[in-house]
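Working through the structure, step by step
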Amino acid sequence: MNPRILNLDNENLDPDLFHEVAERVSSGELVIFPTETVYGIGAAHGLPGAREKLATAKERPTDQPFTVHIGSLEQLDSLVEEISEKVRRTSEAFWPGPLTVILPDGSPQGIGIRFPAHPVACELLRQTGPLIASSANRRGAPPPLSCQEAISSIGSEVSFAIDGGPCHVGEASTIVRFDSKGTFEILREGLITRSMIRKVLGEFEVLFVCTGNTCRSPMAEALCKKWLSEREEVSTNDLSAHGYQVNSAALYSGGGPASDHAQTVMSEMGADASSHVSRQLSHEMLESAELIL
């Protein structure tokens, strides 16, 4: 089928056209729509058969999860029962924007949620409700940066294609996973970086570096963790949940534990270096740390 193309932009957000698209999507049809990163293809979230239809259009396995796109922070509350303070602060700082957040929802993979920063997408999502969506291309093809590219790739599968002009960012969103304690990991870094998220969350990372990471830097790491845990009145294992990361690394690592002398001295000082394993310094470590000693 040839999709009906709707030309909508910041100056032309015709509510009647959005209402018509929303009705068709609610009945199970697919739609191509713009975001600030790439063009997406979406289906109604929670509608029976919608996931399978979208997976078939994308030529991907039906059990592979799709990101849920929302048009307001209120829609986030309808998708996840408990939202930690760290997730709230992150979403309020970077949404709408090129950030996908994966949250616990009882399933093994969690639920990925995205709030795109494109007025056309936001208006569409406000009228349709949350959509499961992916980039509007067949499996293995490059993500489309224009409506015509999306139509050329996957247009035969949709009823409507909304042309909102070329994508301004043209880069995939950052993907960050939060666990139930609010600890996060970056799965894919885009325009929103790890350091930007850490700054919003008030987190701080210290990195100690020495030659082999078997005596000086692991002792410094162990003592720093001890002092921080005493100050914050938490265990060393819970420091990350309170915004602190303390690590150490080597200029030339051969692996292996901290030296016997280092472990003994730390034990005498009430710190613990018994589980330490030497690791090689990397560019990623240097970029993520706020303080390097």
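Before reading on, note that the structure itself is shown above.
These notes cover the structure that comes with them. It should be emphasised that the depicted structure is a prediction, and the values quoted were computed from it without experimental measurement.

1. As for the overall build of the protein chain
Check the secondary structure of the protein chain and you find 10 helices and 13 strands. By its C-alpha atoms, the protein chain is 75 × 35 × 35 Å across when sized along the principal axes. Taken across its 293 residues, the protein chain has 49% of its residues classed as buried. Put simply, 66% of the contacts in the protein chain that link residues at least 6 apart link residues at least 24 apart. When the accessible surface of the protein chain is summed, it comes to about 14300 Å², and 50% of that surface belongs to carbon and sulfur atoms. The average position of the 24 basic charges and that of the 39 acidic charges among the side chains of the protein chain differ by 3 Å.

2. Here we look at the layout of surface pockets
Quantified by volume, the largest pocket comes out at close to 770 Å³. Lining the largest pocket are 33 residues; nearest its centre among them are Arg60, Thr67, Ser134, Ser135 and Arg188. Here the lining of the largest pocket is composed, by residue class, of 11 nonpolar, 15 polar and seven charged. Of the voids in this model, the second largest pocket is the one considered here, and its volume is about 360 Å³.

3. Quick look at the pattern of salt bridges
Summed over all chains, the structure comprises 15 salt bridges. Residue Arg88 pairs with Asp77 through a salt bridge whose shortest N-O separation is 2.7 Å. Taken together, the residues span a long stretch of sequence, with Arg88 in helix 4 (residues 85–94) and Asp77 in helix 3 (residues 73–77) at a distance of 11 residues. Given a relative accessible area of 28%, Arg88 falls into the partly exposed group. For Asp77, a relative accessible area of 40% translates into the label partly exposed. Measuring nitrogen to oxygen at the nearest pair gives 3.8 Å for the salt bridge that ties Glu185 to Arg177.

4. Brief notes about the sheet that holds strand 11 (residues 204–210)
The parallel open sheet is built from three strands, whose spatial order is 12-11-13. Whereas interior strands pair on both sides, the edge strands pair on one side only; in this sheet they are strand 12 (244–250) and strand 13 (291–292). As defined by bridge partners, strand 11 adjoins strand 12 across seven bridges and the pair is classed as parallel. Bridge assignment links Cys210 to a residue of strand 12, and that residue is Ala250. Where helix 8 (residues 216–232) meets the sheet, it contacts strand 11 and strand 12, and its direction lies at approximately 170° from that of strand 12.

5. Side note on the nonpolar core
Considering soluble globular proteins, one finds that nonpolar side chains tend to be buried as a cluster. Core analysis: the largest hydrophobic core is formed by 42 residues, its most contacted members being Ile32, Leu103, Ile113 and Ile197. Leu103 has contacts with Leu76, Val80, Val87, Gly110, Ile111, Ile113 and Phe178, leaving out every residue within four places of it along the chain. Core analysis: the second largest hydrophobic core is formed by 16 residues, Phe18, Val25, Leu124 and Ala133 among them.

6. Things to note about the pairing of strand 8 (residues 160–163)
Summarising the sheet, strand 1 (residues 4–7) and strand 8 pair through four bridges and their orientation is parallel. Across the sheet, residue Leu6 finds its bridge partner in strand 8, namely Ile162. The pairing of strand 2 (residues 31–34) with strand 8 spans two bridges and is classified as parallel. Bridge pairing in strand 8 places Ile32 opposite Ala161.

About the cut-offs
- Residues numbered from 1 in each chain as written.
- Predicted model: local features only at pLDDT ≥ 70, side-chain atom pairs only at ≥ 80, totals over all residues.
- Heavy atoms only, no water.
- Helix = DSSP H or I, 4+ residues; strand = E, 2+ residues; numbered from the N terminus.
- Buried < 20%, exposed > 50% of the residue type's maximum accessible area, 1.4 Å probe, protein only.
- Contact = heavy atoms within 4.5 Å.
- Areas by Shrake-Rupley, 256 points an atom, 1.4 Å probe, with all protein chains shown as cover.
- Lys, Arg positive; Asp, Glu negative; His and termini not counted.
- Charge placed at Lys NZ, Arg CZ, Asp CG, Glu CD.
- 1 Å grid on protein atoms, 1.4 Å probe; cavity = no way out; pocket = protein on both sides within 12 Å on 5 of 7 lines; lining within 4 Å.
- Points joined across faces, edges and corners; volume = space filled by probe spheres on them.
- Nonpolar A, V, L, I, M, F, W, Y, C, P; charged D, E, K, R; others polar.
- Salt bridge = Lys/Arg side-chain N within 4 Å of Asp/Glu carboxyl O.
- Pairing = 2+ DSSP bridges.
- Axes fitted to C-alpha atoms, helices over the stretch in contact; angles between N-to-C directions.
- Core = buried A, V, L, I, M, F, W, Y, C linked by side-chain atoms within 4.5 Å.

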